[in-house]
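This is what each chain is made of:
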Amino acid sequence: MQKEEGKNIVKMTISGDNSETIGIAPTEMIFEPILEDAVFRFDCSVEHRKAAFPSVSFKNIKDREVSVISHNVPAYTPTCVCLEEKQVVTFEFPLGTSFYGTGEVGGELERTGKRVFTWNTDAWGYGPGTTPLYQSHPWVLVVLPTGETLGVLADTTQKCEIDLRKEGIIRIIAPTSYPIITFGPFSSPTAVLESLSHAIGTVFMPPKWALGYHQCRFSYMSEKRVAEIAQTFRDKKIPADVIWMDIDYMDGFRCFTFDKERFPDPSALANYLHNNGFKAVWMLDPGIKKEEGYSVYDSGSKDDVWVKQADGKPFIGEVWPGPCVFPDYTNSKTRSWWASLVQDFISNGVDGIWNDMNEPAVFNTVTKTMPENNIHCGDDELGGVQNHSHYHNVYGTLMARSTYEGIDLADKNKRPFVLTRAGFIGSQRYAATWTGDNLSTWEHLHMSISMVLQLGLSGQPLSGPDIGGFGGNATPRLFGRWMGVGAMFPFCRGHSEVATDDHEPWSFGGECEEVCRAALKRRYQLLPHFYTLFYIAHTTGAPVAAPIFFADPKDSRLRTVENAFLLGPLLIYASTLNNQGSHELHHIMPKGTWLRFDFEDSHPDLPTLFLQGGSIISVAPPHLHVGEFTLSDDLTLLVSLDENGKAEGLLFEDDGDGYGYTKGKFLITNYIAEKHSSIVTVKVSKIEGDWQRPKRRVHVRLLLGGGAMLDAWGMDGETIQINVPSEHEVSELTTKSNESFKIHMENTKLIPEKEIVPGQKGMELSRVPIELNNGNWKLNIIPWIGGRILSMSHVPSGVQWLHSRIDINGYEEYSSTEYWSSGCTEEYNIIETDLEHASEEESLILEGDVGGGLVLQRKITIPSDNPNILRIASTIEARSVGAGSGGYSRLACLRVHPTFTLFHPTESFVSFTSIDGSKHEVWPDSGEQIYEGNNLPHGKWMLVDKRLNLQLVNMFDDVSQVVKCIVNWDSGTVNMELWSEDRPVSKETPLEIEHEYEVTSFP
């Protein structure tokens, strides 16, 4: 499917025995105003409007169906084409337009040039180009060159392609029929998100404890270990509020059970944690073990709540407990059944629930999920009885909704807290989220900022990454740096994978521990500000964390800044480069006054903080008691005056939990500051709510610039005045403060890096891959483990054909017929590099000792005369074979073993013509297939993705170099192996395989 250049024609390929490409002229979509001013619904036709499924994203389903009176017309009207049960919608915007949003996505903040697919997928160790991930947000935030902003929502739960590869163009492709909803243009991006929230709802109001630091691991294996972790936080005076229990607390991974030996008394554990100031969050997955006598399975079977196969029998899929059935959350009866289980579960002292694996993830299947033809008995208001392809993307959201409702049933005086991995636009009404199974790499640290921001720009403000990285072992510097940034994210949790080193804040040495303590103290001092921002987000739909271009949407310089973000008027600038401290950054600042400050805690591994002129934020001074970190009852106001000598800000307060705030039991205090002559007066200008103001002192800190401040004290609610020195004296103060800051930062070293021990599992993640980037290809290569190609992206199509975890898969090569034989794990030496000139040939030569006097050498090249091609030439050579062997080595076999990612497993296959002329299509349900002799592909074979209309062509010299080809399908991947003959090697007779990759359109 493509658009003809210079013509308003969409070309589509009709598949079949006699495939053909035809051109279709798109038509303008019909529209009607809905919801409120500047919000429009577009449909391809009246018939398509009637055929559209109900909205799952809208909080009130009827709001999408009812038109409102408006005299306005859309500023931008999309066109549409419908063919082959696909609806293609196209928007055209001016050049210089910037795109954001698209939900949970890796890679750059600005999305122009990207293509995103919505299909919730378990994506361990994803990379910057991996799509789809765990959540689906068919939403684009459009910032026009003028700074005006609008939003585009494709209101469909089904598989959706959002193509932003051409500047100024949005193309959305999904099964018919679905409406497009636009919001705006408005004068600011915040106004667009507020308008969006009127449709999809705002984030639930979190309990205040949920904004503290959360400590998690897969897994803390016993209640004794949980208590040790909690006590160590208190002993070391490191702030924390929540301890998490992963699946190993369960009895054999059975949900709603507890292991009788390791977690014999969960209520007692909860009481211990509560008495020590901690909350406890426990995991629940959707997969319910199929086992008669297990009460959850028995009651679910009795109530007929399971997702069905096409034949009407309950679907059974493999997950952690083994064979499992899956609740059908699309049905209100099932949701009530699940909520009642959650309600009982809460009685064990459970404070919050973590829904994981709810894409839903299923093991041992190429699609990583259940079959698309499974049947859901959905409520009529959700779309009725439909197959899984219709409800897949909302399965996790509906599970989170059921969990939220169950917690609410358990105690109406407490706010539920749910964390979900899978979600859909609108899931913020029920749950927080995190960015999934990330890696302990500097790339993932950097990417975590943009990922949190994109979720916020898509209506989900309560998110954060696994601080330190889930997969692999962080280094001390990486962990400390990540904690510095992560402590400023809306959701702040450290989490790490089984079999990795400990990843608690004290696990990386004294220097890292000090930085983590300082970072978390910052967060806790800023809790009043965070809590206020969440109240604003909950009541208005405004984001909590936002890109810095929100401060000035007209400034194009700000639109691609990825290492900074806003928390209201607070600007956070972080270094995400290993050897660069935060004080060494070049700050691209929005217009106006931005004054640097700190909490007397500056460190090169901590972000730099700025407060916007004209702003007042509230912070809590720390107050240390023996054994724990608490906050003083006093209040500190940080004041940054604008050029007119004025500032304002508000503080929201309530009991921190419950629903009293909905009944007037809250206090909103509006503070103002104004300078007259040499006096700055700070006072309360307005209050709302009936909550009793605490009798407390207020510490006013007037920021002067460069970290310099003036201080004054008074009682909250009373007028406080500060005498400001002359301009010359202020200049001297700021100069002195700047000089002191510079000296301090130069004399404070970065957290030292731990020496990497050869073979230490996971630590290698923190090393930086070699990037080969030229022509149409971008590769990341890790010489230190088998010379593995970790990722392989085709730039023009935006497709990352290969992306793997660092210790397995990717592009590997072996030296014998045994699986995982020498070659795939050894450290390779870099023999030659030519990576300097993007317009010229780039190449890399590596070699590794594979034992027995043999060396496996690989040359990777992107030719300058044909940048469409990626060429790999590999050999096994005899370097030091003993004389007694006659100059010949042991038996050797060169095996090329790439593991390619399947973006659309049910629409992907391997195609080739064999030497004997027979044609083959090898589909995922065929398992492993071996081709030799005349069945061997005749010099090339293709991995086809029909959905993308693309094929990855692998060309090689058949017979003379390749004697066997193997296709092996796995969960979300396929291996396309090339084997040489199996024979001894001499210096004169090496084994060789030279082959090439190219991406072409699928004819």
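Residues numbered from 1 in each chain as written. Predicted model: local features only at pLDDT ≥ 70, side-chain atom pairs only at ≥ 80, totals over all residues. Heavy atoms only, no water.

1. A closer look at the packing of aromatic side chains
Next, step 1: Scanning all chains against the criterion turns up 50 aromatic pairs.
Next, step 2: Each ring, one from Phe-909 and one from Phe-1002, has its centre 6.0 Å from the other, and the planes form 80 degrees; the classification is edge-to-face. Residue Phe-909 is found in strand β58 (residues 908-913), and its partner Phe-1002 is found in the segment after β66 (991-1001); the two are separated by 93 residues along the sequence.
Next, step 3: The buried category is assigned to Phe-909, whose relative accessible area is 2%.
Next, step 4: Through a chain of ring-to-ring contacts, three or more aromatic side chains come together here, namely Tyr-249, Phe-256, Phe-258, Phe-263, Trp-282, Tyr-297, Trp-306, Tyr-329, Trp-337, Trp-338, Phe-345 and Tyr-395.
Next, step 5: Between Lys-159 and the ring centre of Trp-119, over which it is positioned, the NZ or CZ distance is 4.7 Å.
Next, step 6: Directly above the aromatic system of Phe-530 lies the positively charged group of Arg-523, at a separation of 4.4 Å from the ring centroid. (Phe/Tyr/Trp six-rings, centres within 6.5 Å; stacked < 30°, edge-to-face > 60°. Helix = DSSP H or I, 4+ residues; strand = E, 2+ residues; numbered from the N terminus. Buried < 20%, exposed > 50% of the residue type's maximum accessible area, 1.4 Å probe, protein only. Lys NZ or Arg CZ within 6 Å of the ring centre and 35° of its normal.)

2. Quick word on the side chain of His-388
Next, step 1: Within the secondary structure, His-388 is located in helix α7 (residues 388-391).
Next, step 2: Excluding anything up to four places from it in sequence, His-388 contacts Pro-360, Thr-369, Met-370, Pro-371, Glu-372, Asn-374 and His-376. (Contact = heavy atoms within 4.5 Å.)

3. Section: the UniProt feature "domain: Glycoside hydrolase family 31 TIM barrel" (unreviewed entry) in the protein chain
Next, step 1: According to UniProt, the feature "domain: Glycoside hydrolase family 31 TIM barrel" (unreviewed entry) maps to residues 204-533 in the numbering used here.
Next, step 2: The annotated region residues 204-533 carries 35% helix and 14% strand content, and the separation between its end C-alpha atoms amounts to 13 Å. (UniProt positions renumbered as here; feature names shortened; annotations may be inferred.)

4. What about the domain arrangement of the protein chain?
Next, step 1: Domain parsing of the protein chain yields domain 1 (27-200), domain 2 (534-747) and domain 3 (770-1001).
Next, step 2: With centres defined by C-alpha atoms, the gap from domain 1 to domain 2 works out at 35 Å.
Next, step 3: The interface is formed by 16 residues belonging to domain 1 together with 13 residues belonging to domain 2.
Next, step 4: The interface formed by domain 1 and domain 2 contains zero salt bridges.
Next, step 5: Elements with a minimum of two residues in the side of domain 1 that touches domain 2: β9 (98-101) and α2 (189-200).
Next, step 6: Counting residues per element, the side of domain 1 that touches domain 2 draws most heavily on α2, at five residues. (Domains from an automatic or database assignment. Salt bridge = Lys/Arg side-chain N within 4 Å of Asp/Glu carboxyl O.)

5. Quick look at the pattern of salt bridges
Next, step 1: Under the definition given, this model contains 49 salt bridges.
Next, step 2: Two residues, Glu-228 and Arg-225, come together in a salt bridge whose shortest N-O distance is 3.3 Å. With Glu-228 and Arg-225 both in helix α3 (residues 223-235), this residue pair falls three residues apart, about one helical turn.
Next, step 3: Across the pair Asp-598 and Arg-596 runs a salt bridge whose closest N-O atoms are separated by 4.0 Å. As far as burial versus exposure is concerned, Asp-598 and Arg-596 are alike and both buried.
Next, step 4: One continuous salt-bridge network, built from bridges that share partners, spans Glu-32, Arg-41, Asp-43, Arg-49, Arg-64, Glu-65 and Asp-155.

6. With respect to the sheet that holds β9
Next, step 1: What the six strands build is an open sheet, ordered β5-β6-β16-β13-β12-β9; its pairing is antiparallel. The strands lining the two open edges of the sheet, one partner per strand, are β5 (30-33) and β9. Here the average twist between neighbouring strands, direction ignored, is 25 degrees.
Next, step 2: Across four bridges, the pairing between β5 and strand β6 (residues 39-43) is antiparallel. Its bridge partner being in β6, Glu-32 is matched across the sheet by Arg-41. (Pairing = 2+ DSSP bridges. Axes fitted to C-alpha atoms, helices over the stretch in contact; angles between N-to-C directions.)

7. Focus on the packing of helix α5 (residues 295-303) against helix α6 (residues 332-346)
Next, step 1: One way to put it is that α5 packs onto α6 with a least axis distance of 11 Å and a crossing angle of 155 degrees. Judged by the angle between their axes, α5 and α6 are roughly antiparallel. The handedness of the crossing between α5 and α6 is right-handed. Between α5 and α6, the contacting residues are Val-296, Ser-299, Gly-300 and Asp-303 on the first element and Lys-333, Trp-337 and Leu-341 on the second. (Parallel < 35°, antiparallel > 145°, perpendicular 65-115°, else oblique. Left-handed = near helix turned anticlockwise from the far one by under 90°.)

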